[in-house]
Each structure stands twice: as C-alpha cells, then as structure tokens.
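So the chains spell out like this:
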Amino acid sequence: MKLKHILTSQQFTVPVIMELFERTRFMKQIVARGGTSDYSNKILTNLFYKPSTRTRFSFESAIFRLGGKVLSTEQANEFSSEIKGEMLEDTIRITGNYCDAIVIRSHEEGGAKRAAEVSSVPIINAGDGSGGQHPTQALLDLYTIYDECKTLDGLSVAIIGALDQGRTARSLAYLLSKFDRIKIYFIAPDELQIKPDILAHLDEKGIAYELSNSTDKIINKVDVAYQTRIDNERIYDQKIDLNQYNIDAEVLKKMKQNSIIMHPLPRSVEISHEIDSDPRAAYFRQAENGLYVRMALLTMLFDK
Ligand code: CP
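Residues numbered from 1 in each chain as written. Predicted model: local features only at pLDDT ≥ 70, side-chain atom pairs only at ≥ 80, totals over all residues. Heavy atoms only, no water.

A.B. asks: So what's going on with the domain arrangement of the protein chain? Residues and values would help.
C.D. replies: Along its sequence, the protein chain is organised into domain 1 (14-134 + 287-302) and domain 2 (135-286). On a C-alpha basis, the centroid separation for the pair domain 1 and domain 2 is 25 Å. In this assembly, 27 residues from domain 1 lie in contact with 30 residues from domain 2. Of the roughly 2,400 Å² buried where domain 1 meets domain 2, counting both sides, 60% is carbon and sulfur surface. Interface area lost by domain 1 to domain 2 is led by Phe21, His134 and Asn289, which between them contribute 25%. Linking domain 1 with domain 2 are 19 residue pairs in polar contact (both at pLDDT 80 or more). Listed by contribution, the elements that provide at least two residues to the side of domain 1 that touches domain 2 are helix 1 (14-32), helix 2 (54-65), strand 4 (123-128) and helix 10 (283-302). Across the side of domain 1 that touches domain 2, the residue classes break down as 10 nonpolar, 11 polar and six charged. (Domains from an automatic or database assignment. Contact = heavy atoms within 4.5 Å. Buried area = accessible area lost by both parts, 1.4 Å probe. Polar contact = N/O pair within 3.5 Å; in protein donor to acceptor, adjacent residues only side chain to side chain. Helix = DSSP H or I, 4+ residues; strand = E, 2+ residues; numbered from the N terminus. Nonpolar A, V, L, I, M, F, W, Y, C, P; charged D, E, K, R; others polar.)

A.B. asks: Tell me about the pairing of strand 4, residues and numbers included.
C.D. replies: Buried residues dominate strand 4, accounting for six of its six residues. Bridge count between strand 3 (residues 101-106) and strand 4: four bridges; the pairing is parallel. Each residue of the ladder has a partner; that of Ile102, found in strand 4, is Ile123. Between the parallel pair strand 3 and strand 4, the chain is carried across by helix 5 (residues 111-118), and the sense of this crossover is right-handed. (Buried < 20%, exposed > 50% of the residue type's maximum accessible area, 1.4 Å probe, protein only. Pairing = 2+ DSSP bridges. Right-handed = clockwise from strand over helix to strand, strands pointing away.)

A.B. asks: If you had to explain the site of the ligand to someone new, which residues and values would you point to?
C.D. replies: The local shell around the ligand consists of Ser52, Thr53, Arg54, Thr55, Arg105, His134, Gln137, Pro264 and Leu265. In the environment of the ligand, an oxygen atom lies 2.6 Å from a nitrogen or oxygen atom belonging to the side chain of Ser52. One of the backbone N or O atoms of Leu265 is found 3.0 Å from a nitrogen atom in the ligand. Grouping the amino acids of the shell around the ligand by side-chain chemistry returns two nonpolar, five polar and two charged. Per-domain counts for the shell around the ligand show at least three residues from each of domain 1 (14-134 + 287-302) and domain 2 (135-286). (Near = heavy atom within 4 Å.)

A.B. asks: Hey, could you go over the packing of aromatic side chains for me, with residue numbers and the actual values?
C.D. replies: This structure, assessed with the given rule, holds five aromatic pairs. An angle of 75° between the planes, with centres 5.2 Å apart, marks the rings of Phe21 and Tyr143 as edge-to-face. Separated by 122 residues along the polypeptide, Phe21 in helix 1 and Tyr143 in helix 6 (residues 135-149) bring together distant segments of the chain. Side by side, Phe21 and Tyr143 carry an identical accessibility label, which is buried. Both rings, one in Tyr283 and one in Phe284, keep their centres 5.1 Å apart while their planes meet at 70°; by these two values the pair is edge-to-face. For Phe284, a relative accessible area of 45% corresponds to the partly exposed category. Taken together, the ring pairs in this structure connect Phe21, Tyr143 and Tyr146 into an aromatic cluster. (Phe/Tyr/Trp six-rings, centres within 6.5 Å; stacked < 30°, edge-to-face > 60°.)

A.B. asks: Provide a residue-level description of the sheet that holds strand 9 (residues 260-262), including the pertinent values.
C.D. replies: Spatially, the five strands line up as an open sheet ordered 7-6-5-8-9, and their pairing is parallel. Strand pairing shows two members of the sheet lacking a second neighbour, strand 7 (208-212) and strand 9, which therefore form its edges. For this sheet the average axis-to-axis angle between neighbouring strands, irrespective of direction, equals 15°. By the bridge criterion, four bridges tie strand 5 (residues 156-160) to strand 8 (residues 224-227) in an arrangement that is parallel. (Axes fitted to C-alpha atoms, helices over the stretch in contact; angles between N-to-C directions.)

Here you go:
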C-alpha cells in the first residue's frame with residue numbers, strides 16, 4: 001500500500017498499520033544484516049525548524065540503511081532562507097526538486113499540512129507546533145506496545161504529562177482509538193490536561209477514558225504507562241508537586257509485573273534513572289524501534 005503524505009495519526013487505518021508493522025519486522029532483519037541498497041536512487045530531505053535528536057537521526061539512519069542519501073538542516077529557522085523572509089511554501093516547492101520526500105519539524109501547528117498542500121514529493125510530519133501531532137512517533141509507540149504486549153486490544157494505557165501541548169500524547173490517543181476495549185487514563189495537572197478535541201474523538205469512537213491529576217490510584221491498573229515531560233514553567237499553581245507525576249522505584253513497585261513504561265524521550269526527571277535496568281522500562285527499546293518503523297514508512301512512501 002502506497003502512502004502519499006504522513007501528516008496525522010487519523011489517516012492510518014488498521015490494515016495500513018498492520019502492513020507497516022509487518023514491514024517494520026522485516027526492516028529489523030535488514031538492519032541486522034547491515035542494510036540494503038534497494039533505495040539507492042532515493043534522497044530524503046530533513047527540514048527541522050526545532051531541535052531533535054531521535055527523529056532527525058533515525059530518519060537519517062533509516063534512509064542510509066535503505067541505501068539512499070540525505071539532505072539535512074537543523075535549526076532551519078536560522079540556516080535556511082526563512083531567515084531572509086522566504087515562505088515555507090516556496091522552501092518546499094524548491095526543495096521538492098532536489099529529493100524524493102521531505103521530513104519537516106515545523107515550529108508552527110499545521111506547518112506540515114501547509115507544506116503538503118504545495119509539495120511535489122511526500123511530506124512527513126516530524127512534529128508541528130506545540131499542540132499539533134507527531135504521527136511517526138505515535139506509530140513507533142504503537143509498534144512498541146504491540147511488540148511488548150503482543151496485542152493492541154483490551155489494554156489500559158496511562159498517558160502522563162503536559163498533555164494539552166503533548167504532540168506525541170495526542171497522536172497516540174488517536175491511534176489507540178482504532179483498537180477494541182482500550183481504556184485510556186489521561187494523567188496531568190488540571191491546567192495541562194488533554195484538550196477537548198481528543199476527548200470528543202474518543203467519545204465518537206466509544207473509547208473509555210478517565211481524567212486524573214494523580215498517578216496514585218491508577219498506576220497499578222495499567223498495562224502501559226506512557227510518560228512525558230512537564231515543564232516547570234508551565235505550572236501556574238506553585239502548590240502542585242510535580243514529583244507526584246514521576247516514575248521511580250517506589251512507583252514501579254505498584255505496577256503490574258507485565259506492564260511497560262514508555263517515554264518518547266528526551267526525559268528530564270520524570271523517569272528516574274534507577275529503573276532503567278528493570279525489564280518493564282521499554283523506552284530505549286521504543287527509541288530503537290523508531291529506526292525500523294521509519295524505514296518501513298519510507299518504503300511505503302517510495303514503493304510503487
Ligand atoms: N521523541 C522525539 O521526537 O525526540 P526528538 O525531539 O529528539 O526527535
């Protein structure tokens with residue numbers, strides 16, 4: 001199945017997701033044997049207006065492992081002609097002449113969609129604005145859940161953090177809503193809780209959810225704890241103790257033995273390093289999966 005652009009999680013149907021996961025497993029084998037030259041005629045552009053470690057490097061590694069090449073700019077707001085006043089649309093029209101797909105991390109919500117409207121080559125949304133989406137992250141998150149839990153149905157998932165602006169949280173909620181008997185717990189300080197558009201989507205899909213401002217009574221029930229960062233400066237009520245959202249050895253003791261802890265990373269203090277060696281800590285395996293999932297996505301964009 002060929003994809004045109006990758007802009008949101010909603011665009012992925014369950015059959016497309018299952019094809020992606022099948023390709024992802026194959027890509028893991030390809031990497032284990034050192035890569036392929038099957039896509040040696042392909043050039044990928046990475047256009048990153050905001051900082052990134054995992055997304056940018058894993059896309060670069062993905063195209064190299066597929067045999068292709070990359071054109072890349074970080075800090076595109078400074079190192080591209082945007083600084084001379086060039087509109088995003090012109091940058092995309094021009095860059096599309098030099099490559100076969102463009103990965104964009106835009107500082108603006110809707111930036112990837114704007115790019116797709118004028119692009120002659122596939123656009124991949126690598127995170128847009130502060131309240132947009134990060135669909136390739138959510139796909140690798142979902143793949144990790146499937147790989148670790150062996151199912152996507154009947155799971156209880158806690159999504160924790162500053163959820164109102166959490167691109168990965170938003171994109172993952174959309175993907176989880178495609179599966180049966182899912183229960184999502186959104187755990188955040190009240191002022192940073194998930195936005196109503198996501199809840200309206202879950203209502204429409206008949207997905208069970210609960211909102212909470214504490215992990216305390218919930219963490220023992222979940223199969224997946226999906227942790228994200230809360231920036232101190234976003235908390236207006238200084239009485240809120242952010243430590244109550246952290247996962248450390250004490251919290252881990254309350255979790256099910258077969259549960260997993262995920263994080264899109266980078267982390268700050270919200271997951272204690274002392275639990276990194278626990279088998280339930282899945283976040284580094286999750287980041288590794290990003291390479292295989294992004295290779296698989298590129299093949300789905302490139303294949304005829
Ligand atoms: N998870 C994620 O998007 O990480 P980076 O910001 O490092 O790309």
